[in-house]
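# Residue-level structure breakdown
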Amino acid sequence: MARQHKEFQQGSGQGVLDDLPGEDKFSDDRPDPVAPGGSILFALPGTLVDWDPRRALVGQYPDGVVDMVLDPNDPWGFACVRRQINLGVDPQQALADYETTQGPAVAWVVRVCLENYTLTVKGLFPGASELLEDLRRAGLTLWGLAATTRQLIEVASEALSPLSALKGVLISSEEHLDLSDPLFYRLALRRFAITPGHTIFVDRDPEHVAIADRLGMKGVVVHDISSLRQLFHR
């Protein structure tokens, strides 16, 4: 694992942040003073946390209604409200705005979903806790980029206690940025004082990984803990 990461560092490009203002550029030709062994930046909840929004509505409404409200391809479904809340909009304001366009009946289903939202977090994926410990012991410094709210993380803190292995987590609702915005990644690099050429970004979403790649990180698309473990054990 250590040999693989050393090779990753040596193969990293230089001058990859030429589109940033001068004060936002990072030097990739030196050891990272904050994370000398290299860093891994995990997107949350998708890579480590087992999260299922259906858990908030199962048993409350027929499956057809749940499918309609939680349809990820519907730009005006629950995903719309969740994105606003994850960007820091007050939940009651987000619901009020939603009701004006979608009507009170559908808005009430979304309200129930939000009231039961802590149920959506099942815990860490099997093997995630052991993987985090292995990576930490290998000398890698672990960080998180979370598209969620601090309230949800705190409520689920007992189930997510192994995430304490992360040295720092940037939360979208507190920064008013999400994973579709390159500024969120730039802020993480600056806030954590880590260099992109010594950082691996891990997520399920290829679009997010592409953003990290453009900023000079090594982006990796993974779909489960097993494939992630194989990646770092090559």
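The sections below set out a description of the structure shown in this document.

So, on to the pattern of salt bridges. Counted according to the given criterion, the structure contains nine salt bridges. Among the salt bridges present, the one from Asp178 reaches Arg83, with a minimum N-O distance of 2.9 Å. You can see Asp178 sitting in the loop between α8 (172–175) and α9 (182–192) and its partner Arg83 sitting in helix α3 (residues 78–86), a full 95 residues away along the chain. Judged by relative accessible area, which is 9%, Asp178 ranks as buried.

Here the focus is the sheet that holds strand β6 (residues 199–203). Sheet architecture is open: five strands sit in the order β5-β4-β1-β6-β7, paired in parallel fashion. Either end of the sheet is taken by a strand with one partner, and the two such strands are β5 (168–171) and β7 (218–221). Neighbour to neighbour, the strand axes of the sheet diverge by 20° on average, direction disregarded. Inspection of the sheet shows strand β1 (residues 39–44) paired to β6 by four bridges, in the parallel sense.

Moving on to the packing of α3 against helix α4 (residues 91–102). The N-to-C vectors of α3 and α4 enclose an angle of 150°; their axes lie 9 Å apart at closest approach. Like other packed secondary-structure pairs, α3 and α4 cross with a definite hand, here right-handed. In contact with Val81, Gln84 and Ile85 of α3, α4 contributes Pro91, Ala94, Asp97 and Tyr98. Partitioning the contact of α3 with α4 into residue classes produces five nonpolar, one polar and one charged.

Quick notes on the rules
- Residues numbered from 1 in each chain as written.
- Predicted model: local features only at pLDDT ≥ 70, side-chain atom pairs only at ≥ 80, totals over all residues.
- Heavy atoms only, no water.
- Salt bridge = Lys/Arg side-chain N within 4 Å of Asp/Glu carboxyl O.
- Helix = DSSP H or I, 4+ residues; strand = E, 2+ residues; numbered from the N terminus.
- Buried < 20%, exposed > 50% of the residue type's maximum accessible area, 1.4 Å probe, protein only.
- Pairing = 2+ DSSP bridges.
- Axes fitted to C-alpha atoms, helices over the stretch in contact; angles between N-to-C directions.
- Left-handed = near helix turned anticlockwise from the far one by under 90°.
- Contact = heavy atoms within 4.5 Å.
- Nonpolar A, V, L, I, M, F, W, Y, C, P; charged D, E, K, R; others polar.

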